[in-house]
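# Architecture at a glance
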Amino acid sequence: MSDTGSGSLFTLAWSFGLMSLFAVGGANSAIPEIHRLAVEVNHWMSDKQFADVFAISQLSPGPNVLIVTLIGYQVAGIMGALVATLAMCGPTAVFAYYVSQLLSRSGNARWPGIVQAALVPLSIGLMSASGLVLLFTSNTSWTAFLVTGSVAVLAFATRLNPLWLLVAGGLIGFAGVL
Amino acid sequence: MHPSSPQADAPIAELASASPPGLLTLFLAFAKMSLAGFGGVLVWARRAIVEKHGWMTPEEFNETFALCHFLPGPNIVNLSVVFGSRFRGVPGAIAAFAGLLGPPVVIVTVLAILYARFGDIEALRRTLAGVSCAAVGLLFAVIFRMMLPLLKKRDPVSLALLVAVFVAVGVMRWPLPTVLLVSIPISVTLTMLMRRRAAA
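Sequence order as written defines the numbering, with residues in each chain counted from 1. In the order they appear in the text, chains get letters beginning with A and ligands get numbers beginning with 1. Two thresholds apply to this predicted model, a pLDDT of at least 70 for residue-level local features and 80 or more for giving and counting side-chain atom pairs, whereas whole-chain, interface and lining totals are computed over all residues.

## Considering the interface of chain A and chain B
Heads up, the rule is: Each residue gets a C-beta atom placed from its backbone, and two residues are in contact if those atoms lie within 7 Å. Each helix is a run of DSSP H or I of at least 4 residues and each strand a run of E of at least 2, with the numbering of both proceeding from the N terminus. Nonpolar residues are Ala, Val, Leu, Ile, Met, Phe, Trp, Tyr, Cys and Pro. Charged residues are Asp, Glu, Lys and Arg, and all others, Gly as well, are polar.
On the chain B side, the residues contacting the 86 residues of chain A number 78 residues. Secondary-structure elements contributing two or more residues to the side of chain A that touches chain B are α1 (6–20), α2 (27–41), α3 (47–59), α4 (67–106), α5 (110–138), α6 (142–157) and α7 (162–175) of chain A. Broken down by element, the side of chain A that touches chain B gets its largest block of residues, 22 residues, from α5 of chain A. Considering only residue class, the side of chain A that touches chain B consists of 58 nonpolar, 25 polar and three charged.

## Some details on helix α7 (residues 156–171) of chain B
Residues and elements named next belong to chain B. To keep it simple, the criterion reads: The span you would expect from a helix comes to 1.5 Å times its residue count less one. Every C-beta atom is placed from the backbone, and the number of other C-beta atoms within 10 Å of a residue's own sets its class: buried at 20 or more, exposed at 12 or fewer, partly exposed in between.
Its 16 residues give α7 an end-to-end C-alpha distance of 21 Å, which sits within 8% of 22 Å, the value for a rise of 1.5 Å per residue. Within the span of α7, buried status applies to Ser158, Leu161, Leu162, Val165, Phe166, Ala168, Val169 and Gly170. Backbone geometry just after α7 places Arg173 at a positive phi near 60 degrees.

## Brief notes about the confidence of the model for chain B
Residue and element names in this part refer to chain B. To be explicit about the condition: Note: pLDDT gives the predictor's confidence per residue, expressed from 0 to 100.
Residues at a pLDDT of 70 or more form 90% of chain B, whose mean pLDDT is 86. This model gives residues 1–15 a pLDDT under 50, and the stretch forms ten contacts once residues within four places in sequence are excluded. The ipTM assigned to the predicted complex is 0.87, against a pTM of 0.86.

## Some remarks on α6 of chain A
Residues and elements named next belong to chain A. Convention followed: It is the directions from the helix axis to the C-beta atoms that the arc portrays.
Compared with an ideal rise of 1.5 Å per residue, which puts 16 residues at 22 Å, α6 spans 22 Å between its outermost C-alpha atoms and is within 8% of the ideal. Taken together, the buried positions of α6 are occupied by Ala144, Val147, Thr148, Val151, Ala152 and Ala155. The buried residues of α6 occupy one face: seen down the axis, they fall within an arc of 130 degrees. Facing away from the buried surface of α6 by more than 90 degrees, the exposed residues are Trp142 and Ala157.

## Comments concerning the packing of helix α4 (residues 58–70) of chain B against helix α5 (residues 75–118) of chain B
Residues and elements named next belong to chain B. Selection rule: The axes are straight lines fitted to the C-alpha atoms, using for helices just the contacting stretch, and the angles between their N-to-C directions are given from 0 to 180°. To sort the angles, those under 35 degrees are grouped as roughly parallel, those over 145 as roughly antiparallel, those from 65 to 115 as roughly perpendicular, and the leftovers as oblique. Left-handed describes a crossing in which the near helix is turned anticlockwise from the far one by less than a right angle; the clockwise case is right-handed.
At a closest axis distance of 8 Å, the pairing of α4 and α5 adopts a crossing angle of 130 degrees. Classified by the interaxial angle, the pair formed by α4 and α5 is oblique. Pair α4 / α5 crosses with right-handed handedness. Residues Thr64, Phe65, Leu67, Cys68 and His69 of α4 lie in contact with α5, whose contacting residues are Asn75, Asn78, Leu79, Val82 and Phe83. Residues that form the contact of α4 with α5 fall into these classes: six nonpolar, four polar and no charged.

## Digging into the environment of Gly17 of chain A
Residue and element names in this part refer to chain A. With respect to the helices and strands, the residue Gly17 is situated in helix α1. By C-beta crowding, Gly17 is classed as partly exposed, having 18 other C-beta atoms within 10 Å. Sequence separation between Gly17 and Tyr73 is 56 residues; the distance between their C-alpha atoms is 16 Å. Gly17 has contacts with Ala87 and Pro91, leaving out every residue within four places of it along the chain.

Below, the structure written as structure tokens:
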């Protein structure tokens, strides 16, 4: 945290604020762009640190979008955490408010349906890209791929609470076999 | 979830409009569902809004969530704003937004402080590496679940768009705004053309 001036706060606000307006399908779709901004463009953190903050954001309560709070803290301390969170959630919240007001007034129900159907394949494509990017930032051994694969199968095929699967992953990591 | 006979629906619909929540109630309800929501808040939001408080019918909730899903940004944050404003206008939107984000942001910030301090400890690094491998697995399960309906429909246009966006963002690592400014108009146009053809 050597450059904690208002310059990096501005970069945080501008980067996350602009990106959030394109985050179709929510936080999970935005992971590749968050990774691109935090690791590749601005060099705020390493791949390993990115994988760590992703893990912490999944372990903590609240919406998954709070990965940006962790990145913001890494860049500029508590102010950075607040600025990143508000930049990521504020503009789209205002946008959502105005769109819902508009829709409840106009009652024209055709357009939302078309846009929604058109966005489904795009947001699944973005989420798949998230999976790929995370796979290569967090998995560095064949046992790691084995853990990821087993969790994917268990989560898909059973109704296990995801938290237990995360805890199991943590224990396997702690045991040092990854 | 509920039987859809009119007799069964009537009391729910009545309840849904009978007691609009106040600002403090909104704040507390969203804070509670947010803190309960490990790995996603949506399930808890539905439970609280539809089943526990009866503020919306299941249909109203689905419609509101569908709207929030196609808007950009975190879906559940959008939901809090749309929901809060429906009952109490702008102050209601702010109360729900603050309830959803305030408490977990405090917790996550504390975790960030701990990570900055102790993140170099080898055992913690190993544990977090294990957690993130598992979390990636969870993400793949969600992706596959969402992809199944598309695969079943065998709609080549949707699948081609999905793969194109995946390659552009995941493999080529092109910036998200650029990719979406190209792919959204294409997808909307194709969807409209296909609906027109299906209708004709």
